[in-house]
Amino acid sequence: MAPRKTASKPASQANVSKDELLAYYKDMLLIRRFEEKAGQLYGMGLIGGFCHLYIGQEAVVVGLEAATKEGDKRITSYRDHGHMLACGMDPNGVMAELTGREGGYSKGKGGSMHMFSKEKHFYGGHGIVGAQVPLGAGLAFSDKYKGNDNVTFTYFGDGAANQGQVYETYNMAELWDLPVIFVIENNQYAMGTSVARSTKSPSLWERGAAYGIEGEEVDGMDVLAVKEAGERAVAHCRAGKGPYILEVKTYRYRGHSMSDPAKYRTREEVQKMREERDPIEAVRSILLTGNHATEDDLKAIDKDIKAVVNASAEFAKESPEPALEELWTDIYADEIPQHNA
Amino acid sequence: MATELLMPALSPTMEEGTLAKWLVKEGDTVSSGDIIAEIETDKATMEFEAVDEGIVGKILVAEGTEGVKVNEVIAILVEEGESADDIAAPAPAAEAQAPAEAEAPASAPAKAAAPVEVVSKASPDFPEGTPMKTQTVREALRDAMAEEMRRDENVFLMGEEVAEYQGAYKISQGMLDEFGPKRVIDTPITEHGFAGIATGAAFGGLKPIVEFMTFNFAMQAIDHLINSAAKTLYMSGGQMGAPMVFRGPNGAAARVGAQHSQDYAAWYAQIPGLKVVMPYSAADYKGLMKTAIRDPNPVIFLENEIMYGKSFEVPDLEDFTIPFGKARIWREGTDVTIVSFGIGMTYALEAADKLAEEGISAEVIDLRTLRPIDYDTVLASVMKTNRCVTVEEGFPVGSIGNHISAVIMQRAFDYLDAPVINCAGKDVPMPYAANLEKLALVTTDEVVAACKEVTYR
């Protein structure tokens, strides 16, 4: 089967309502402001260890979440804050996990890289590059086994795309027609190594052709294009046609983690992306030029979001550290916790 | 309102740094994302971005200053019309401090250290008079899996050659016919991948049984066994885990060389979040496999190829299970305690027979599960015999025997009349030559010699 190659085309704005546009704007802005705040709290020593910010990539998760239905699952790597906010997890619980407090999603025992939500079908938060890929296919396996039409969004980066287990997974996912969407968030840098310095096959989605998996490249700075591609992928999976690959071209403005000296790319490159391709600015401009919202409307939204984010930071500071007894809990289960969702 | 700019922590270990260079001066307007300074950390020189908008009202730390503490105020941003002079010199932002270290975390030495009254947990696994049937380990394993698959439709078996080939070692013989290809699934040769898929399926609420053709091949997949399956319950604060079984032959078979002959008991027994089972008899294989499949946690079930064809008496019961963490006393004795598990029990029991001929009475304990371990049964026995020898086929460094010795030393030191001796495989990769292979494994004679040594005979 020849994989379909879809040119990355500008999304049509015709099919999008004002409410949807406003929702995408809010969701993306929430992620950005949340991440800026997380960076600030890290600088203040309130967040420790590794902290990987999602700033610049917001359109990817917001666009794809717009294509989901209740029951669909998602799993990703350690750059996971955006995914959690986009699927509706509580900013307070996420921020409090970042500060390692009792009110965090994992009671402070997971940290930035390891959060989960049974309720929102978010399966982590995984720190080993590429490991979430077979795990995601396994989640899809469980849905196919149970006979429902849920799909699993399995996110990984251009760096993970060179891990062997990704291709082991492609092979089995297509062999068994698993309803999994492999989302390659190609932000162009695996830590400090650009795609060009790590592979001579720069089109990552096309590697699926070797296994018979269809896919396409998507402009990840355009939330509407991402949503439309997500809808095509979801339709493919729900129809029982097996996996689908979306290579979403995106860009992270910040470093790989907080201790990234950023010597591998120029300041101008980052600045150009921010000025010309910012996903939030793009929606803002559609909203204003289409007379869907006024400057004042958007200011009010900004203010509301700032309040949500500030409240999450306050919660994350006020929430107590986990009780010392927590050290010894959640090592073994007495019953299968995910069965009582 | 004025905003204080604090010296940021720019790496997980940074406590202070050098303010190498200011890229703005007082009076400049900055907006979110502008680079305002360069800071040297313990790792590298980093750019410091503004988060807030404003005018640089005052620079409080001059460029070139070394040893600037994290969270020290380095500059003040003001809004239009404001003057930095209106602002009182700020005290270091105290609220920004990370919460004080709680009292030293309970360092909790091995829980085994608690001085408690030791009562052996060993008790019969089934009532006296239960009808028995003779079965091989292979048949017992198949029956256990089939019974559990009949009982719970979420249980399925996946692995290389488990279905159409009927199992590389014929453990799954007949299962494809009974349960069909949806539940008995042949995988490609891709351990890393299918171990990950099975773990994901467990996250999704299914109960996979993953067969590794041998645990030697599970090294390809060990990241998922440990990082994905064992740790997720903890990392998720108890929200989700991996109810599943990883099983297959472990340890040396015969003449298969270094890469196919390793015993991983001690490796997996080290990991919190896993349960680890390594049975010896067919009855234990059956009862413990059924318990493993029902357990809501990831279970490593270590089998042995040489044992597959061995026959034992198995209770002929409708539903026979054995709880984890309960050792079995195979033979009672008074002079020395021999602690073993898995195929090591072969040597332990042979040695006990030989010792009996020489008038030495050995008590032989089969641990059966290595996580949890039934320490009490071992300790109660050692307190009686005052001597202990451990037996296993695995490598000697960091072995299960080493651990048992440490626990005995901590909890029953005063009862010991001799140092504990660990009989283990030799500290060499497994050789192919028949004579050398025999030498590399633990032998019955070595166990006999060790028992004589600790009993000073």
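None of these values were measured; they are calculated from a predicted model.

Chemist: Residue-level account of the overall build of chain B, with values.
Modeler: The helix and strand inventory of chain B stands at 12 helices and 22 strands. Here the C-alpha radius of gyration of chain B, 30 Å, is well above what a compact globule of 457 residues would show, namely 23 Å. Put simply, chain B has 457 residues, and 51% of those count as buried. Sequence separation of at least 24 residues holds for 75% of the intrachain contacts in chain B that already meet a minimum separation of 6.

Chemist: Would you mind going over the sheet that holds strand β2 (residues 16-22) of chain B in detail, with residue names and values included?
Modeler: Residue and element names in this part refer to chain B. The 4 strands lie next to each other as β5-β4-β2-β7, forming an open sheet whose pairing is antiparallel. Single-partner strands in this sheet number two, and they are β5 (45-49) and β7 (65-69). When the angles between neighbouring strand axes are averaged without regard to direction, this sheet yields 40°. Relative to β7, β2 runs antiparallel, the two being bridged by 3 bridges. Within the sheet, the bridge partner assigned to L19 lies in β7 and is T65.

Chemist: So, the packing of helix α5 (residues 132-146) of chain A against helix α3 (residues 191-203) of chain B: which residues are in play, and what are the values?
Modeler: Packing of α5(A) against α3(B) brings their axes to within 6 Å, and their N-to-C directions diverge by 50°. With respect to α3(B), the axis of α5(A) lies oblique. Seen along the crossing, α5(A) lies across α3(B) with a hand that is right-handed. Contacts between α5(A) and α3(B) involve P134(A), L135(A), G136(A), A137(A), G138(A), L139(A), F141(A) and S142(A) from the first element and G193(B), G196(B), I197(B), A198(B), T199(B), G200(B), A201(B) and F203(B) from the second. A per-class count over the contact of α5(A) with α3(B) returns 9 nonpolar, 7 polar and no charged.

Chemist: So what's going on with the domain arrangement of chain B? Residues and values would help.
Modeler: What the domain assignment reports for chain B is domain 1 (3-85), domain 2 (132-315) and domain 3 (328-454). Distance between the C-alpha centres of domain 1 of chain B and domain 2 of chain B: 56 Å.

Chemist: Kindly report on the packing of α5(A) against helix α6 (residues 164-175) of chain A, identifying the contributing residues and their values.
Modeler: All names here are of chain A. Between α5 and α6, the least distance of the axes is 8 Å, while the angle of their chain directions is 20°. Put simply, α5 runs roughly parallel to α6. Every pair of crossing elements has a handedness; the one defined by α5 and α6 is left-handed. Here V133, P134 and A137 of α5 come into contact with α6, specifically with Q165, V166, E168, T169, M172 and A173. Of the residues assigned to the contact of α5 with α6, the class counts are 6 nonpolar, 2 polar and 1 charged.

Chemist: Talk me through the interface of chain A and chain B; I want residue IDs and the actual numbers.
Modeler: Listed as interface residues are 58 residues of chain A and, on the opposing side, 57 residues of chain B. Contributions of two or more residues to the side of chain A that touches chain B are made by α1 (18-43), β2 (122-125), α5 and α6 of chain A. A per-element tally of the side of chain A that touches chain B places α5(A) first, with 10 residues.

Conventions we followed
- Residues numbered from 1 in each chain as written.
- Chains lettered and ligands numbered in written order.
- Predicted model: local features only at pLDDT ≥ 70, side-chain atom pairs only at ≥ 80, totals over all residues.
- Helix = DSSP H or I, 4+ residues; strand = E, 2+ residues; numbered from the N terminus.
- Rg over C-alpha atoms; globule rule 2.2 N^0.38 Å.
- Buried ≥ 20, exposed ≤ 12 C-beta atoms within 10 Å, placed from the backbone.
- Contact = placed C-beta atoms within 7 Å.
- Pairing = 2+ DSSP bridges.
- Axes fitted to C-alpha atoms, helices over the stretch in contact; angles between N-to-C directions.
- Parallel < 35°, antiparallel > 145°, perpendicular 65-115°, else oblique.
- Left-handed = near helix turned anticlockwise from the far one by under 90°.
- Nonpolar A, V, L, I, M, F, W, Y, C, P; charged D, E, K, R; others polar.
- Domains from an automatic or database assignment.

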